[in-house]
Amino acid sequence: ARPYRFLDETSVGNGYVRLRALALLPVILVVLFAVVLGFETGGYGAEEDRDTRDMAWDYRSTVYQSTAFHKYFRAAYWPSYLELEVNEEVYDEVVVAAADRPVVLAAMPATAACQRVVEVPCLAAKPAHRDESVVGALNLGTDAGIWAVGNGRAFQRIAEGVNVGLLSDGVASVPNAYADAANLSSYKSTRLAELQEMRTRSAAAVLSTAVAAANGLACASDATGATCAWDQTQWDAWATLAFSDLATTNCSSAVDVCSQTAAALAQAAAEEDTVGNVAVRVVTGAWAASNVHLKDVVSANGGLPTVVTVANANGAGVLSAAANGAAAYDPMTDVAFGEGTAYVPPASVATIVATAASSVAAGAPLVGYARPPDFAARYYGLRGGASVGGARADLRRSFETSKTWRTRQSYLAPFFDIGLWPWEGQCADTGFNATIARDEGVYLNDFPAFNARGAVPSVAVEIFGDAKRVPAYDSACDFDAADADAGAADVTCSVSVLVGVEISVAATPAAGETLGAWRLVDVAGVYDDAAAVTTASTTTLIAAFIGSETDAVAAFGSGTTREIYVSMRDAGAPEKFRATPLGTPSKMYLSIGLFLAALFTAPVHPYLMFAYVKFNVALREGKPPPFWQAMRKFRGW
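Caption draft 1: How the structure looks around the overall build of the chain. For the chain, the helix and strand inventory stands at 19 helices and 21 strands. Expressed as a percentage of the 637 residues in the chain, the buried residues total 45%. For the chain, the proportion of contacts with a sequence separation of at least 24, taken over those separated by at least 6, is 71%. Total accessible area on the chain is roughly 30,700 Å²; 56% of this is exposed by carbon and sulfur atoms.

Now the structure itself:
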């Protein structure tokens, strides 16, 4: 029998397979050494909350006691009134808002599908004759007049903000929109659809076959109401024949009731008793009926349009009609508020909002410092609480969280964050999670020009009625290095332009405010710190500039429009910071031990491969073993 030989393998490959663990051992030790050393001395390991040691000093914990005041930031964030036309905003601006306060939800179809058709005298002044884009909605416009609004009624406004309402004399007070037949036909180019409606309503009484033929007004499709391609002369002839008959004829007219409802809700949301206590949301678009958060509420109330008070009961994330809210309101079919007309009374809509403020509790109401300090700020909320350069920022709520650890609900941490030997996993209720409000695109028109020698160019910032100014540029010109009489071309300047405004606010007690107030803590400009360039540009330059004063003035001229970001954060919110290296002695000793172990184990594998595996394989194959020239027994080969 063959004598036993250590690692007597039939091939070198088999030897590698048998000794693969020894090959991997130093690699594993080196990786462990790097991980331990990185956690203890590197930045990434000390930045986040990872183990029980953090609990002794880390005030970033997200337990309720540490974040109670920061929650007021979210409560004060909601504006009292907001119009939404984006599907993705519904959850944040309706569902989440309803966890903090009752929401009066107006779900509207597209404008074209929100026209209530009523019967009015054909020649009367109609709401359709108004230009809503200029004078506003019918019920709260800026113009004065009397208009027929259907159901034999008329609506009157004496002046902007002074509504008489529905008149009691029917349509007797409504003026004619057309003085005579010539005036009527003159509107062919601007009110053709209305004239076609009048033509079909008067056809049977006025345009008999004989009369039509005699006046050149024959239209084969009169009975169907199809459009007749008449020229101006034919319309003039028709108006002369039909004018007296139209004075006693009714025609259909479409009135936009959704714009009236939205205007009434906006006014109601600004009332002293409701502002800051109710979130009125007008959601417009056919998609509102199928939105996952709205479809059940909309369906239960007969589809679009509808106005209903909703709540997010116990913050569960599901909207439901509030038990104590006003009855759902449908402006397309309403016969109570507007008495069967197409007029939407602002006072009746205000009742819906007032009822929500007084009788409906939010799903998870918060109490404390939840109101900004003045009326305007309460109406806009923290979302619209800042304006820069005259442009009001739309500060969208978002979360700022740890890079490698999420504290949001339903987040499943990866294995690396759950815990990695020799560290324990992250403690419960720890981590970094702060609510901030940010607008990535605020356009500043007529941005001030750079000026190195005069008054510092600045941009006006207003927060909660508190007016501040931030420099438009962060610059430094080296006048000391230039001669005493040096001109602008001989002075070197470095200039960075304003790219953002950082605002900090804080909740604080205030006299006369039961719920406290919010105050401005700090406002600071953020300037571009990109790599410096040396070329001048008047419109596209956003990087830091280095060059002569002359070129700097040319590069940052007047009359430009710049896009900046505006960010608002709670000064009392948990802060994110990078901790100092941990350097725990025991872990440092462990890392040294791992490194030494790697050094000692690294040569074992190659030694065994040469001294045993390859030696035995060579003997099996009748070949001289490795290093045979140095062996006495093989001397003379």
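Caption draft 2: How the structure looks around the sheet that holds strand β12 (residues 391-392). With respect to topology, 4 strands assemble into an open sheet ordered β12-β11-β15-β16, the strand pairing being antiparallel. Since the sheet does not close on itself, it has two edges, and those belong to β12 and β16 (466-471), each with one partner. Inspection of the sheet shows strand β11 (residues 386-388) paired to β12 by 2 bridges, in the antiparallel sense. Across the sheet, the residue bridging to S387 is R392, located in β12.

Caption draft 3: Broad picture of a nonpolar patch on the surface. Among the surface-exposed residues, Y589, I592, F595, L596, L599 and F600 lie close enough to one another that they form a single nonpolar patch of about 680 Å² accessible area. Along the chain, F600 falls in helix α18 (residues 585-601).

Caption draft 4: Up close: the packing of aromatic side chains. This structure, assessed with the given rule, holds 14 aromatic pairs. Each ring, one from Y77 and one from W78, has its centre 5.0 Å from the other, and the planes form 75°; the classification is edge-to-face. Centre to centre, the rings of F450 and Y473 are 5.6 Å apart; their planes meet at 80°, and the pair counts as edge-to-face. Of this pair, F450 sits in the loop between β14 (433-447) and β15 (458-463) while Y473 sits in strand β17 (residues 473-477), and the two are 23 residues apart along the sequence. Taking the relative accessible area as the measure of exposure, F450 reaches 5% and is therefore buried. By relative accessible area, which is 6% here, Y473 ends up buried. One aromatic cluster is present, built from ring pairs that chain together F447, F450, Y473 and F556.

Caption draft 5: The state of the cysteines, seen in detail. Summed over the entire model, instances satisfying the criterion amount to 3 disulfides. A sulfur-sulfur separation of 1.4 Å characterises the disulfide bridge that pairs C114 with C258. Here C114 and C258 share a disulfide; its torsion about the S-S bond, 55°, makes the bridge right-handed. In this pair, C114 is assigned in the loop between β2 (103-108) and β3 (115-121) and C258 in helix α12 (residues 257-269), connecting sequence segments 144 residues apart. Accessibility classification places C114 together with C258 in one group, the buried group. Each sulfur of the disulfide joining C122 and C251 lies 1.9 Å from the other. Taking the torsion about the S-S bond as the criterion, the C122 to C251 disulfide, at about 90°, is right-handed.

Caption draft 6: Up close: the packing of helix α2 (residues 20-41) against α18. Running from N to C, α2 and α18 point in directions that differ by 160°, and their axes come no closer than 8 Å. Here α2 is positioned roughly antiparallel relative to α18, judged by the angle of their axes. Viewed along their axes, α2 and α18 form a crossing whose handedness is left-handed. Contacts between α2 and α18 involve L25, P26, L29, V30, L32, F33, V36, L37, E40 and T41 from the former and K587, M588, L590, S591, L594, F595, A597, A598 and T601 from the latter. Residue composition of the contact of α2 with α18, by class: 14 nonpolar, 3 polar and 2 charged.

Caption draft 7: Quick look at the nonpolar core. Core analysis: the biggest nonpolar cluster contains 66 residues, and V94, V283, L294, I463, I503 and M568 have the highest contact counts within it. Among the elements that make up this core, the one with the highest residue count is strand β18 (residues 492-508) (7 residues). Among the nonpolar cores identified, the runner-up in size contains 42 residues, and C114, V174, A268 and A342 belong to it.

Caption draft 8: Looking closely at α12. Here α12 is 13 residues long and its end C-alpha atoms lie 18 Å apart, about the 18 Å a rise of 1.5 Å per residue gives. Burial runs high along α12: 11 of the 13 residues are buried. Every buried residue belonging to α12 is among V257, C258, S259, Q260, T261, A262, A264, L265, A266, A268 and A269, and all of these are buried. The N-terminus of α12 is capped by D256, whose side-chain oxygen sits 3.0 Å from the backbone nitrogen of C258.

Caption draft 9: Broad picture of the pattern of salt bridges. One pass over the full model with this rule turns up 16 salt bridges. Put simply, E93 and R383 hold a salt bridge, and the shortest N to O gap is 2.5 Å. You can see E93 sitting in helix α5 (residues 90-95) and its partner R383 sitting in the loop between α15 (375-380) and β11, a full 290 residues away along the chain. Judged by its relative accessible area of 4%, E93 is buried.

Caption draft 10: How the structure looks around the pairing of strand β4 (residues 145-150). For β4, the tally of buried residues reaches 5 of 6 residues, placing the bulk of the element in the interior. Relative to strand β5 (residues 153-159), β4 runs antiparallel, the two being bridged by 5 bridges. What sits directly across from W147, in β5, is F155.

Caption draft 11: Representation of unusual backbone geometry. Of the consecutive residues L304 and P305, the connecting peptide bond is found in the cis state with omega at -10°. Inspection of the secondary structure assignment puts P305 in the loop between α13 (295-300) and β9 (306-312). Positive phi, close to 55°, is recorded for E339, a residue that is not glycine. Summarising the element assignment, E339 is placed in the loop between β10 (319-321) and α14 (346-359).

Caption draft 12: Structural detail: the sheet that holds strand β1 (residues 81-84). Taken together, the 5 strands give an open sheet; going across it, the order is β1-β8-β2-β9-β10, and neighbouring strands pair in mixed fashion. Every other strand in the sheet has two partners, leaving β1 and β10 as the edge strands with one partner each. Each strand axis lies, on average, 30° off the axis of its neighbour in the sheet, ignoring direction. Both β9 and β10 contribute to a ladder of 3 bridges, which runs antiparallel.

Caption draft 13: Examining the side chain of S185 more closely. Relative to the assigned elements, S185 resides in helix α8 (residues 181-185). Of the polar contacts made by the side chain of S185, one reaches the backbone oxygen of A182; its length is 3.2 Å. At a separation of 2.6 Å, a polar atom in the side chain of S185 contacts the side chain of D236. Apart from the residues within four sequence positions on either side, S185 is in contact with L195, Q232, W235, D236 and A239.

Reading the values: the criteria
Residues numbered from 1 in each chain as written. Predicted model: local features only at pLDDT ≥ 70, side-chain atom pairs only at ≥ 80, totals over all residues. Heavy atoms only, no water. Helix = DSSP H or I, 4+ residues; strand = E, 2+ residues; numbered from the N terminus. Buried < 20%, exposed > 50% of the residue type's maximum accessible area, 1.4 Å probe, protein only. Contact = heavy atoms within 4.5 Å. Areas by Shrake-Rupley, 256 points an atom, 1.4 Å probe, with all protein chains shown as cover. Pairing = 2+ DSSP bridges. Patch = residues over 30% accessible without salt bridge, like charges linked within 9 Å, V, L, I, M, F, W, Y side chains within 5 Å. Salt bridge = Lys/Arg side-chain N within 4 Å of Asp/Glu carboxyl O. Phe/Tyr/Trp six-rings, centres within 6.5 Å; stacked < 30°, edge-to-face > 60°. Disulfide = S-S within 2.5 Å. Axes fitted to C-alpha atoms, helices over the stretch in contact; angles between N-to-C directions. Parallel < 35°, antiparallel > 145°, perpendicular 65-115°, else oblique. Left-handed = near helix turned anticlockwise from the far one by under 90°. Nonpolar A, V, L, I, M, F, W, Y, C, P; charged D, E, K, R; others polar. Core = buried A, V, L, I, M, F, W, Y, C linked by side-chain atoms within 4.5 Å. Expected span 1.5 Å × (residues − 1). Polar contact = N/O pair within 3.5 Å; in protein donor to acceptor, adjacent residues only side chain to side chain.

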